[in-house]
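# Descriptive analysis of the structure
Chain residues, written in single-letter form:
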Amino acid sequence: MSEQQNRDTLERFRQEVMERQDIDAMAELMHDDYLEEYPQSGERIRGKQNARSVYENYPSMPNLIDFSYSISGDLAVIEMVVDYDGHRMNACQICEFEDGKIKRARGYFGEPFEAPEWRAQWVERM
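Let us look at the structure shown here. Going along each chain's sequence as written, the residues are numbered from 1 onward. In keeping with the model being predicted, local features are shown solely for residues with a pLDDT of at least 70 and side-chain atom pairs are shown and tallied solely at 80 or more, while totals for entire chains, interfaces and linings include all residues. Each side-chain value is worked out from all heavy atoms of the structure, with water and hydrogens disregarded.

### Observations regarding helix α3 (residues 48–56)
By the burial criterion, the buried members of α3 are Ala51, Arg52 and Tyr55. Seen along its axis, α3 keeps its buried residues to an arc of 100 degrees; they face one direction. It only takes one pair of heavy atoms within 4.5 Å for two residues to be counted as in contact. Helix numbers and strand numbers start at the N terminus; a helix is a DSSP run of H or I with at least 4 residues, a strand a run of E with at least 2. Here the buried face of α3 lies against α2 (23–29), β1 (30–38) and β2 (43–46). Exposure classes here rest on a 1.4 Å probe applied to the protein chains alone. A residue is buried below 20% of its type maximum, exposed above 50%, and partly exposed in between. By arc we mean the arc of the directions from the helix axis to the C-beta atoms, nothing more.

### Examining the nonpolar core
Nonpolar core, defined: a set of buried Ala, Val, Leu, Ile, Met, Phe, Trp, Tyr and Cys residues in which side-chain atoms within 4.5 Å join the residues together. If you look at the biggest cluster of nonpolar residues, it comprises 24 residues, and the most contacted ones within it are Phe13, Met80 and Phe97. Of all the elements in the fold, those that place two or more residues in this core are α1 (3–19), α2, β1, α3, β3 (63–72), β4 (75–84), β5 (87–98) and β6 (101–110). Filtering out sequence-adjacent residues up to four positions away, Met80 remains in contact with Met18, Leu64, Asp66, Phe67, Met89, Asn90, Ala91 and Gln93.

### Concerning a nonpolar patch on the surface
Like charges are joined within 9 Å and nonpolar side chains (Val, Leu, Ile, Met, Phe, Trp, Tyr) within 5 Å, but only among residues with over 30% relative accessible area and no salt bridge; these make up the patches. Accessibility throughout is a Shrake-Rupley quantity obtained with a 1.4 Å probe, and a residue counts as covered only by protein chains that appear here. Here a salt bridge means any side-chain nitrogen of Lys or Arg lying within 4 Å of a carboxyl oxygen belonging to Asp or Glu. A cluster of nonpolar side chains, contributed by Trp118, Trp122 and Val123, occupies part of the molecular surface with about 420 Å² of accessible area. By secondary structure assignment, the location of Trp118 is in the segment after β6. For Trp118, a relative accessible area of 61% puts it in the exposed group.

### A look at the environment of Tyr69
Within the secondary structure layout, Tyr69 lies in strand β3. In this structure the C-alpha to C-alpha distance between Tyr69 and Leu10, which are 59 residues apart in sequence, comes to 8.6 Å. Among residues more than four places away in sequence, those in contact with Tyr69 are Arg7, Leu10, Glu11, Val77 and Ile78. N or O atoms closer than or at 3.5 Å make up a polar contact, with two conditions inside protein: a donor-capable atom paired with an acceptor-capable one, and, for residues adjacent in sequence, both atoms drawn from side chains. Polar contacts involving the side chain of Tyr69 include one to the side chain of Glu11, which spans 2.8 Å.

### What about the pairing of β6?
What makes two strands pair is DSSP finding at least two bridges between them. Note: β1 against β6, 4 bridges, orientation parallel. Across the sheet, Glu37 pairs through a bridge with Arg106, a residue of β6. Bridge analysis of β5 against β6 gives 9 bridges, and the strand direction is antiparallel. Bridge pairing in β6 links Cys92 to Tyr108. Two successive antiparallel strands, β5 and β6, enclose a turn made up of 2 residues, where Asp99 displays a positive phi of approximately 60 degrees.

### What about the sheet that holds β5?
Taken together, the 6 strands give an open sheet; going across it, the order is β2-β1-β6-β5-β4-β3, and neighbouring strands pair in mixed fashion. Every interior strand has two partners, whereas the edge strands, β2 and β3, have only one. Each strand axis lies, on average, 15 degrees off the axis of its neighbour in the sheet, ignoring direction. Across the sheet, α1 touches β3, β4, β5 and β6, and the angle it forms with β3 is around 175 degrees. Strand contacts of α3: β1 and β2, with the helix running at about 55 degrees to β1, the strand carrying the most contacts. Only C-alpha atoms enter the line fits that serve as axes; for helices the fit covers just the stretch in contact. Angles between N-to-C directions range over 0 to 180 degrees.

The structure is reproduced here in structure tokens:
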């Protein structure tokens, strides 16, 4: 599939899944051999149906605050800021595509933290 088709898949993912939380749309965008990994918790979700079940049973889906991505061929890096019931989290997801669908995703999460004063003279605040 083309990079543009993968880009279209990511745009649908942002709009239908992250913004509208449409689980049916999510399943349509996943490859049949979908694999999702969370290295920080040591979890692996194998298969589209297992991923769907995880999301259907999620206690409270996060709200999307910010979403951007870079894509090259069948590989994309997504950066997000999400809100879990008033708790903001930075997330990075690395996605691989096959046949215009998301085949593999690895997600990393990080909480905001205060910048140390010792490096203030060399950095710019965002």
